[in-house]
Amino acid sequence: MPYHTPLGADSLRDLGIPAPWTFGLADRVRFGELDALGHVNHTAYLRWFESFRLPFLKARHVTDYGPTSPRLVLKQVECTYLAEMGLGLDYVVAGRVSRFRNTSFTMEYAVWVPGAKAQETARGGAVVVLLNRGAPGRYPIPAAGRSAFVDEDGAVSEG
């Protein structure tokens with residue numbers, strides 16, 4: 001399985017991950033992500049979501065992370081843990097934007113153990129706000145990003 005390489009809808013389906021997920025990143029659980037009981041620590045999931053979010057938003061044309069791109073600020077983040085994970089386990093973080101406004105959007109995440117019947121082990125979400133870099137105020141989501149949210153993620157515009 002290719003780690004740290006964006007996976008599209010066809011690759012996700014091959015790994016047993018169902019629609020509506022169309023973008024994912026694969027990795028393997030590392031020792032440093034475990035708690036004293038040998039389970040993946042709850043904070044690791046939030047790092048996985050962050051690692052996913054960076055290439056996802058670049059692919060969706062929201063930012064290139066350059067000096068004139070918007071600042072991305074988390075307003076809210078959540079995670080629900082559905083099944084334990086342990087050392088060396090392959091997983092895929094899948095994500096999408098479910099809805100958006102002019103300067104903010106809501107993301108959904110799911111962590112999957114791939115296989116013929118992939119197992120969902122966690123589900124999360126975040127509200128992300130775009131701010132101007134070096135000036136006060138919010139930054140509008142670029143038109144290409146808004147289009148990608150609708151066309152690729154099935155997101156709903158709320159403003």
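Because the structure is predicted, anything quoted here is derived from the model rather than measured. Per chain, the residues get numbers from 1 upward, laid out in the order the sequence is written. In keeping with the model being predicted, local features are shown solely for residues with a pLDDT of at least 70 and side-chain atom pairs are shown and tallied solely at 80 or more, while totals for entire chains, interfaces and linings include all residues. Think of the side-chain values as coming from all heavy atoms in the structure, minus any hydrogens and water.

**Thoughts on the overall build of the protein chain**
Along the protein chain, the regular secondary structure elements total 3 helices and 7 strands. When the helices and strands of the protein chain are listed from N to C terminus, the series reads β-α-β-α-β-β-β-β-α-β. For the radius of gyration, the atoms used are the C-alpha atoms, and the globule rule reads 2.2 Å times the number of residues raised to 0.38. Relative to its length of 159 residues, the protein chain is compact, with a C-alpha radius of gyration of 16 Å against a globular reference of 15 Å. C-alpha extents for the protein chain along the principal axes are approximately 45 × 35 × 25 Å. Summary of the burial criterion: residues with accessible area below 20% of their type's maximum are buried, those above 50% are exposed, and those between are partly exposed, where the area comes from a 1.4 Å probe applied to protein chains only. Burial statistics for the protein chain: of 159 residues in total, 43% are counted as buried. Long-range pairs, those at least 24 residues apart, make up 64% of the contacts in the protein chain between residues at least 6 apart in sequence. Each accessible area is a Shrake-Rupley estimate made with a 1.4 Å probe; only the visible protein chains count as cover when residues are assessed. Surface summary for the protein chain: the accessible area is close to 8100 Å², and the carbon and sulfur share equals 54%. Labels follow the DSSP assignment, with helices taken as runs of H or I lasting at least four residues and strands as runs of E lasting at least two, numbered in each case from the N terminus. Working rule for contacts: check all heavy atoms of both residues, and any pair within 4.5 Å makes them a contact.

**Observations concerning the nonpolar core**
Residues Trp48, Met85, Phe105 and Val111 are the most contacted members of the largest nonpolar core, which totals 31 residues. In terms of residues, this core owes the most to one element, helix 2 (residues 42–59), which gives 7 residues. With residues up to four places along the chain from it excluded, the contact list for Trp48 reads Val29, Glu33, Val40, Met85, Tyr91, Val93 and Val111. Remark: nonpolar core denotes a set of buried residues (Ala, Val, Leu, Ile, Met, Phe, Trp, Tyr, Cys) joined through side-chain atoms within 4.5 Å. Formed by 11 residues, the second largest nonpolar core is a distinct cluster that contains Leu12, Trp21, Ala94 and Ala118.

**Considering a nonpolar patch on the surface**
A grouping of Leu46, Leu74 and Val77 is seen on the molecular surface, where their side chains present a nonpolar patch of about 220 Å² in accessible area. When its relative accessible area of 38% is taken as the criterion, Leu74 is described as partly exposed. Here a patch means residues that are over 30% exposed by relative accessible area and free of salt bridges, tied together within 9 Å if like-charged and within 5 Å if nonpolar (Val, Leu, Ile, Met, Phe, Trp, Tyr). Here a salt bridge means any side-chain nitrogen of Lys or Arg lying within 4 Å of a carboxyl oxygen belonging to Asp or Glu.

**Quick look at unusual backbone geometry**
Residues Ala19 and Pro20 are joined by a peptide bond in cis, for which omega reads 20°. When you line up the elements, Pro20 lands in the loop between helix 1 (9–14) and strand 2 (23–28). With phi around 60°, Tyr65 is a residue other than glycine that occupies positive phi space. Of note, Tyr65 is situated in the loop between helix 2 and strand 3 (71–81).

**Some points on the packing of aromatic side chains**
Note on aromatic pairs: the rings of Phe, Tyr and Trp (six-membered ring only in Trp) are paired at centre separations within 6.5 Å, and the planes decide the class, stacked below 30 degrees, edge-to-face beyond 60, tilted for the rest. Summed over all chains, the structure comprises 10 aromatic pairs. Summarising the aromatic geometry, the rings of Tyr45 and Tyr81 are spaced 5.1 Å apart at their centres and angled 65° between planes, so their arrangement reads as edge-to-face. Here Tyr45 is found in helix 2, whereas its partner Tyr81 is found in strand 3, with 36 residues between them in sequence. Aromatic pair Phe52 and Phe56: ring centres 5.2 Å apart, planes at 25°, arrangement stacked. Of this pair, Phe52 and Phe56 both sit in helix 2, 4 residues apart, roughly one helical turn.

**Details of the pattern of salt bridges**
Considering all chains together, one arrives at 8 salt bridges under this definition. Among the ionic pairs, Glu108 bridges to Arg96, the shortest N-O distance being 2.8 Å. Of this pair, Glu108 sits in strand 5 (residues 104–113) while Arg96 sits in strand 4 (residues 90–100); the two residues are 12 residues apart in sequence, bridging distant segments of the chain. When the shortest N-O distance is used, the salt bridge between Arg99 and Glu158 registers 3.6 Å. With a gap of 59 residues between them, Arg99 in strand 4 and Glu158 in the segment after strand 7 (156–157) connect regions that are remote in the sequence. Linked by salt bridges that have partners in common, Arg60, Glu152 and Asp153 make up one network.

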